[in-house]
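Understanding the architecture of this molecule
Spelled out from the first residue to the last, the chains are:
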Amino acid sequence: MYDELNKLDELSRRKFIQYSAKALLGVGLSASTTPLWAGQSINKPTARNVIYIYLSGGMSHIDTFDPKARWKDQGPVQTIDTNIAGIQISEYLPSLARRMDKIAIIRSMNSTQGAHEPGNYFMHTSYAQRGTIKHPGLGAWLNSMSGKTNSTLPGNVRIGGSNNATGGAGFLDSKYEPLHLASPDDGLPYVDRHQSVDEAELRERLALAQMMDLSFHKKYPAKQVRAYGDVYEQAIKLMNSKDLAAFDLSQEPKLTRDVYGDSRFGKSCLLARRLVEHGVRFVELTLGGWDTHNDNHDQVARLTSPLDTSVSALLDDLHYRGLLDETLVVIGTEFGRSPEINSNAGRNHHPSAFSCVLAGGGIKGGQVYGSTDASGHSVADNGVSVPDFNATIAYALGLPIDKVVHSPSGRPFRVADKGRPITALF
Amino acid sequence: MRLPTKILLKTGAYLLLTILLPTSASARIFTNLAGKTIEADLVSMHRDQVTFRRTVDRKVVTVALNQFSAKDRSYILAQKELGLLSATSYKQTQPDVARVAKRQDHFGASEQIDKFLAKYWKVQGVEPAPITDDATYLRRAYLKIIGRIPSYAEAVHFLNDSSPHKRSELVDKLLESPGYVSHNFNLWADILRAKTTGREGSRYGGVYYIPWLKDQIRRNVHYDEFVQSLLTAKGYPWDNPAVAYYLRDFGMPLDNMSMTAQVFLGTQLQCAQCHDHPTDVWSQKDFYELAAYSYGLKTGVNINADNPKLKEVARRLREAAKKQNKGKLPGNQKPSPVSAGREFLDPLRWGVVHTERPLKLPHDYQYDDAKPNENVAPKVLFGHQSDAKLHDSTDRVDSYVDWLIDKNNERFTLVIANRMWKHVMGKGLIEPVDELTDESVADAPKLMAYLESMMIALDYDLKQYLRVLYNTEYFQRQAVIDNPDLPDDYHLEGPIFQRMSSEQIWDSIATLMTPDIDQILNTRYKGNNGGIQYATGQKPAAAVYLDEWSPQKITSHITKMSDVYAAYFTARTTFSKANQDPALKGTPELTKIRKELNESKKAWNQMLNPDLSESDAGASMGMTMMAANFSSEKGKHNKADDRWIKGIRRASELQSPQSNGHLLEVFGQSDRMLIENSDEKSNILQALFLMNSSQTNWLLAQRSAPVLEARLAKTPEAKLETLYLGFLARKPSEAEMKALLPYFKEDPEKARQRIIWAMLNTQQFLFIQ
């Protein structure tokens, strides 16, 4: 209790009264005693790989995976049956509806972050954004705790989205930083030696650069400088990798490419499958544009089209190649959207209830976990917090959820903070 | 199409001015063999190719020496003999230092800062880092002040200069250079999330905003005035580019307010938008009370209601549509004068207007101090609340802006003083710069207080403030590692050791190819939204007509347009259906339908964007690099390489931000979606580029400026020194000379390629010492 009282002393006198009440009610109180789960051992992993599809902007849940047919503001979108009795989703996702037997929908997601940047950060790292430290994302945690399966390809790849995204290596070693591919078509840029340079010449040049840098390295033995050394090593391994073909989409038969669709997202899904096949353990794809403050239904209808087509193709493909059991497919987003329609025919941010999806990787398909009330406003039962969601992914991968890892500055962190995995999903 | 007289007059006036304005001091009239004359400045000369810059349009041209008249030829050769005409330009790219005002005034302040730091070090029990040598200072000054490495010629000039005041003279010169604008633009574009791409670039005014921002920096508009322009802006972006500040967060006025508080007051209110802030003192009500000042400003003009002229036009268009459709109003989706009008008048929706709409607390407001849906009365976050009567939205905005930029607003001054310190030294005295709380304490509180008082005394003149900082001894000390994992180990012993930003890396490579890169400016950005073209200096047609035509005229014009629109609309629907029909896939019929669509689209676009443009006299881009003009060079000429060289611009002159996959993005440029979102992390793609690109393997080894200079050097030692000065801004060490000279003598061509590749792949190239 004294810890909490000290915290109060730091706050400004102006808000003393408000805050003392809140602190006593539990805000700021952390479970400082030994957690009940301290003795839990590592679960046997059901998934080796993760394909994480991140929908940035906040996907409207009642227009997709959690429709509310009798709600006044449901709008023009209809509800359809799926191939599992009792589960219905939005008509915008017909192909996924036919594959519901592979999918688990979590309708009771809830977050405390209602703005994009903090919401995105929270979803990727399970921690609230702070100016003082960068937390690692799941891909970095996976590679750091459980290692790579392919020694020459990166263990963590991100396709699409901004280069400055959250959920990178954070305070973990920079070698866990995801390789960011701006577009799935182009393959890896600059991956071949220049035509005028052979293997021997490249080695000579690298040696010369090292020599030129000798006194510089001695003078400035900084973490960022060493990180460049690491990155050159990884780059050279990659250049010499026999698995570089994984990045070349043109090696896929046309039929396959057509099934995934011609969209950038479709190609990203196909690339993700190829990478996983070649041993890349964590691939994140970004599909943006979900921040539908204006013209919600028009935009969602448009956005769900590649989502529906390509994710269905991906699930089928993984299944027929025997990869679905060991590959966890995740569809995540930072928050949902308001059940009310605003004056621009749009929906606003809504973190208190939203939907996410899990498939493969040991997840029992054909189920819905948790539910929301009749309008989609709040969680009705089995709420799943963002850390819980990430803990579930970590659990599937067999990562030690309770292990405390210290950042270089000595602060303690866990893979999914205090999240608990939803074992009912498996 | 008849050009409106206003535009004709403007063009005429501009042409007149360019003829009458005094030209550059060293410009001269040159004559060619055919007798044609031209007024120009000499830029450089390489072998027999003379490069000069035309005064009339600032265009750079290269012509063989034998094309000039005999008199000109001897003049040019004499200039070269005197050493005033180098192979890579120096003199003509440098601003006139004599014009710099009152250099001496600020020295007292710089010394004062050093004194505060000396006291701080004593208390902390640390020794400061030593003062750097000239070579290190040279590179750092260029990178920190104008955002690029020095060119070979600039490096030689500085290192050979024996003036005792050369460092402060360099500071003055760099602050006046166009490079200063380019470098500071990157900073402010990151902070303000200014974009030229997408919706933000077109309908939300980016194409007008970015040149305006650069202009504000160029004219060194005082910071408080600058903030005031941004926050009191209203109207359309082509009339008032500052309006893009509000349009950037179209439809999200509360988000915009929270960005304003973060950027200008260093106060993070985002959490308080939805509930009482969990870790800071702000309540949700506090946030709403502040937002109530500017909530009346609406982004988005309701064409049918807000503007009486447009309201009239809308009414008439409805009449015209009914007439065409047997007395009934056609549906929204059908082509008609109404829908054509909607497309054509679209730009007029994106503007900022004052309204009297009240700000209400949200319906789920959960605290006891007020009721949900209650109107919120405006109240400032802290400090002095003016009790002047606020009659309308304009009053409210003015009142809140006055409070924000007031000298007594402790956070306003603190944030900018700290931010500029960070810009110069690499780390703020308080970090993070935009997340102040009541517990925020500067590392050196007396110094911070002094900086704040200096900012006020300088009346928020940012350039002068920067000048003071660049002239401190502290800025000249060796860089110090600040380990982000061990933040308590840094005691301000010196400026921070950091990697170049992605713009600095890109701009440095650009400088290696083109020493006068600072002169190559993009003054005209273009964007497109819904078929309407937006371009710098150009109003959309709808805006021009709104100003100049009567409602009847506008209506009859749009009604005429609606036939073209109907044709386009039909073609679009036909194509969309046909494209989805699997039976038609790849057939010539589909191709024919697509062709029809493209033609009707073209016709419709021409109606949307009639040619009202002013003459291009003002909007030229400076032209190509010298290197690309040397057709006499031996070696392969790859088309892609040539195009790359031709298109090189500084990052500030490219689209903001650059697209995915561009080198700027690979090296960590901010996506300008979030505030100051750039990073300096290493990644594999950077290493792959540096190792395997044609730039580092070929282009820079064959056609960069230092290489051209090195070819003129007489001895291998001199050549090596030239390369080092050009790429690393320093002379090679004894050990390096010893190791590299043998190669050079053995196979100079191969050695040169190897050495340059190696220099570009060192870490010392990427980091700022």
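Please refer to the structure higher up on the page.
In short, a report on the structure. For clarity, every value in this text was computed on a predicted model and none was experimentally measured.

What about the overall build of chain A?
- Helix and strand counts for chain A come out as 12 helices and 17 strands.
- Put simply, chain A has 426 residues, and 56% of those count as buried.
- A sequence separation of at least 24 residues applies to 71% of the contacts in chain A between residues at least 6 apart.
- By element, 51% of the accessible surface of chain A is carried by carbon and sulfur atoms, the whole surface being about 17700 Å².

Examining the interface of chain A and chain B
- The interface of chain A with chain B comprises 62 residues on the first partner and 76 residues on the second.
- Carbon and sulfur atoms make up 58% of the area that chain A and chain B hide from each other, which totals about 6200 Å².
- Between chain A and chain B we count four salt bridges in total.
- As a salt-bridge pair, E201 of chain A and K750 of chain B come within 3.8 Å of each other at their nearest N and O atoms.
- Where chain A touches chain B, the interface holds 11 residue pairs in polar contact (both at pLDDT 80 or more).
- The set of elements that each furnish at least two residues to the side of chain A that touches chain B consists of α2 (16–25), α4 (116–125), β6 (179–181), α6 (199–212), α7 (214–219) and α8 (223–239) of chain A.
- Examining the composition of the side of chain A that touches chain B, we find that 12 residues originate from one element, α8 of chain A, more than from any other.
- Across the side of chain A that touches chain B, the residue classes break down as 30 nonpolar, 16 polar and 16 charged.

Side note on the sheet that holds strand β1 (residues 28–31) of chain B
Residue and element names in this part refer to chain B.
- The sheet built from four strands is open, its strands ordered β1-β2-β3-β4 with antiparallel pairing. Single-partner strands in this sheet number two, and they are β1 and β4 (60–64). Averaged over all pairs of adjacent strands, the angle between strand axes in this sheet comes to 55°, irrespective of strand direction.
- The sheet contact formed by β1 and strand β2 (residues 37–46) spans four bridges and is antiparallel. Along β2, the bridge assignment pairs T31 with T37.

Quick notes on unusual backbone geometry
- Between E431 of chain B and the following residue, P432 of chain B, the backbone shows a cis peptide bond with an omega angle of -10°.
- Along the chain, P432 of chain B turns up in the loop between α17 (410–425) and α18 (445–457).
- Omega for the bond connecting S656 of chain B with P657 of chain B falls within 30 degrees of zero, at -5°, which places this linkage in the cis form.
- With respect to the secondary-structure elements, P657 of chain B resides in the loop between α24 (639–646) and α25 (663–666).
- Positive phi outside glycine occurs at Y190 of chain A, with the angle close to 55°.
- Relative to the helices and strands, Y190 of chain A resides in the loop between β6 and α6.
- Judged by its relative accessible area of 33%, Y190 of chain A is partly exposed.
- Positive phi outside glycine occurs at R193 of chain B, with the angle close to 55°.
- Structurally, the position occupied by R193 of chain B is in the loop between α7 (178–192) and α8 (198–201).

Here's the deal with empty space enclosed by the protein
All names here are of chain B.
- As enumerated under the stated definition, the model contains 15 cavities of 30 Å³ or more in all.
- Within this model, the largest cavity holds a volume of roughly 170 Å³.
- Among the secondary structure elements, those contributing two or more residues to the lining of the largest cavity are α7, α9 (206–218), α10 (223–231) and α19 (462–470).

Observations regarding the pairing of strand β4 (residues 103–110) of chain A
Residues and elements named next belong to chain A.
- Burial within β4 is extensive, with seven of its eight residues counted as buried.
- One ladder, built from five bridges, connects β4 with strand β11 (residues 354–359); its direction is antiparallel. The partner of I105 across the bridge, within β11, is V357.
- Relative to strand β12 (residues 367–369), β4 is paired through three bridges, and the arrangement is parallel. For A104, the partnering residue across the bridge sits in β12 and is Q367.
- Looking at chain direction, β4 and strand β15 (residues 384–385) are connected through two bridges and run parallel. Note that in β15 the partner of M109 across the bridge is V384.

Conventions we followed
- Residues numbered from 1 in each chain as written.
- Chains lettered and ligands numbered in written order.
- Predicted model: local features only at pLDDT ≥ 70, side-chain atom pairs only at ≥ 80, totals over all residues.
- Heavy atoms only, no water.
- Helix = DSSP H or I, 4+ residues; strand = E, 2+ residues; numbered from the N terminus.
- Buried < 20%, exposed > 50% of the residue type's maximum accessible area, 1.4 Å probe, protein only.
- Contact = heavy atoms within 4.5 Å.
- Areas by Shrake-Rupley, 256 points an atom, 1.4 Å probe, with all protein chains shown as cover.
- Buried area = accessible area lost by both parts, 1.4 Å probe.
- Salt bridge = Lys/Arg side-chain N within 4 Å of Asp/Glu carboxyl O.
- Polar contact = N/O pair within 3.5 Å; in protein donor to acceptor, adjacent residues only side chain to side chain.
- Nonpolar A, V, L, I, M, F, W, Y, C, P; charged D, E, K, R; others polar.
- Pairing = 2+ DSSP bridges.
- Axes fitted to C-alpha atoms, helices over the stretch in contact; angles between N-to-C directions.
- 1 Å grid on protein atoms, 1.4 Å probe; cavity = no way out; pocket = protein on both sides within 12 Å on 5 of 7 lines; lining within 4 Å.
- Points joined across faces, edges and corners; volume = space filled by probe spheres on them.

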